[in-house]
Amino acid sequence: MPAIDIHFHVVPPLFIDTTLQHPFEGVLDIDSSKATPELLFRPPHAVTIEQGPALRPELFDTRLILAEMNRRKIDAAAISPPPQLFAYWASPDVGERIARTVNDGLAEIRQAYPDRFFPLASLPLQAPARAALELERASTELGLRGAALCTHVNGIDLDRADLDLVFSAAERLALPLFLHPQNAGDPTRLQDYHLWNLIGFMMETTTAGARLLMSGVFERYPRLKIVLAHGGGFLPYQLGRLDHGHKVRPELNARLPRAPTAYLANILCDSLTHDRRALRFLIDRLGADHVMLGSDHPFDMGCERPVDAVYELNLSLEEQHDVIGDTLVRLLKVR
């Protein structure tokens, strides 16, 4: 039974080399003045982003990455870039160039280790038509297995960002979309205690998932598969509230023909909950066939023992197989 990770970050060496030689028009370059070089973004003044990450070798050196996978008992990973590289605030031309360079670099890693890496494409969602074309190119020409998206596009929620071309292409190509949060709006109340990450990311994921469920996206695209990072945020715990709201609020049930949980077949989550009780609840609520490993390599908010965390739940053998690898094998169609 292979152990496959859906939430595993890398920065392709090709992307680093390209950025060093041809910085992205003042939007993105590498700060080499620090002891560990760091990605440096220059967004518009009104855009708040998380700078970095530092380009530590475990983000780009495949030998170290493979060694770390072995240490965590991970046989293969659906690799994707850190969310800073989404850069939806860049111009469409620059955003498309960033995405294409990332994807070409991910494809190089896949070609070198085809049994261990199943990359997820980056897309320039600030230009939906270009994003749909890049998803097609990444899949048909590069062999990438899905795409990684932010939970919003420059603060615009995914159900309102004119992404029908992207959703339609993902459904037609049978490619899952992995949603990774980045904070949007005013983070003032979350500045202390690392809360911008500890609960801010969870709120972002919850908001994105709830809006997709409530807006009718899955009614229009019934075969679309969305994977939510960090155990789905707070969403799995509050699905009953969404259903109750749909039942008692006329403006909700008038626009959505079925209860939100009727669309749960479209939603999957990674296992990154940091709590065995939470993970057990997630599996009980969504089903083991809708949960898969997530380690968040190589960041400090990740899980060092994602496989062991599943074994410790004493699931049935079938459930263990689903969460550890079979669910993702089916989703990525890698057999």
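Scroll up to find the structure.
Note that the structure is a prediction, hence the values are computed from the model and not measured.

Details of the overall build of the protein chain
Phase 1: Regarding its fold elements, the protein chain presents 14 helices and twelve strands.
Phase 2: Each principal axis of the C-alpha atoms in the protein chain carries an extent, and together these give about 55 × 45 × 45 Å.
Phase 3: A total of 335 residues make up the protein chain; the buried ones form 56% of that total.
Phase 4: Long-range contacts, defined as pairs at least 24 residues apart, comprise 73% of the intrachain contacts of the protein chain with a sequence gap of at least 6.
Phase 5: Placing the 34 positive and 43 negative side-chain charges of the protein chain at their respective mean positions leaves the two points 4 Å apart.

What to know about the layout of surface pockets
Phase 1: The volume enclosed by the largest pocket comes to roughly 670 Å³.
Phase 2: Along the walls of the largest pocket sit 31 residues, with Asn197, Met202, His230, His274 and Met301 positioned nearest its centre.
Phase 3: Sorting the residues of the lining of the largest pocket by element identifies α7 (195-198), α8 (200-215) and α12 (276-286) as the ones contributing at least two each.

Examining unusual backbone geometry
Phase 1: At the junction of His297 and Pro298, the peptide bond is cis and its omega measures out at 0° in the coordinates.
Phase 2: Along the polypeptide, Pro298 turns up in the loop between β12 (291-292) and α13 (306-311).
Phase 3: In this structure, His230 is a non-glycine residue whose phi angle is positive, near 55°.
Phase 4: Here His230 shows up in the loop between β10 (226-228) and α10 (239-248).
Phase 5: The exposure class of His230 is buried, given its relative accessible area of 8%.
Phase 6: Positive phi is not limited to glycine here, since Asp296 has a value of about 60°.

Description of a nonpolar patch on the surface
Phase 1: Together, Leu198, Ile199, Met203 and Phe234 give the surface a local cluster of nonpolar side chains, amounting to about 310 Å² of exposed area.
Phase 2: With respect to the helices and strands, the residue Phe234 is situated in the loop between β10 and α10.
Phase 3: Classification of Phe234 as partly exposed rests on a relative accessible area of 37%.

Some words on empty space enclosed by the protein
Phase 1: Under the defined criterion, the tally for this structure stands at one cavity of 30 Å³ or more.
Phase 2: The computed volume of the largest cavity comes to approximately 30 Å³.
Phase 3: A class-by-class count of the residues in the lining of the largest cavity yields eight nonpolar, no polar and no charged.

Cut-offs applied
Residues numbered from 1 in each chain as written. Predicted model: local features only at pLDDT ≥ 70, side-chain atom pairs only at ≥ 80, totals over all residues. Heavy atoms only, no water. Helix = DSSP H or I, 4+ residues; strand = E, 2+ residues; numbered from the N terminus. Buried < 20%, exposed > 50% of the residue type's maximum accessible area, 1.4 Å probe, protein only. Contact = heavy atoms within 4.5 Å. Lys, Arg positive; Asp, Glu negative; His and termini not counted. Charge placed at Lys NZ, Arg CZ, Asp CG, Glu CD. 1 Å grid on protein atoms, 1.4 Å probe; cavity = no way out; pocket = protein on both sides within 12 Å on 5 of 7 lines; lining within 4 Å. Points joined across faces, edges and corners; volume = space filled by probe spheres on them. Patch = residues over 30% accessible without salt bridge, like charges linked within 9 Å, V, L, I, M, F, W, Y side chains within 5 Å. Areas by Shrake-Rupley, 256 points an atom, 1.4 Å probe, with all protein chains shown as cover. Salt bridge = Lys/Arg side-chain N within 4 Å of Asp/Glu carboxyl O. Nonpolar A, V, L, I, M, F, W, Y, C, P; charged D, E, K, R; others polar.

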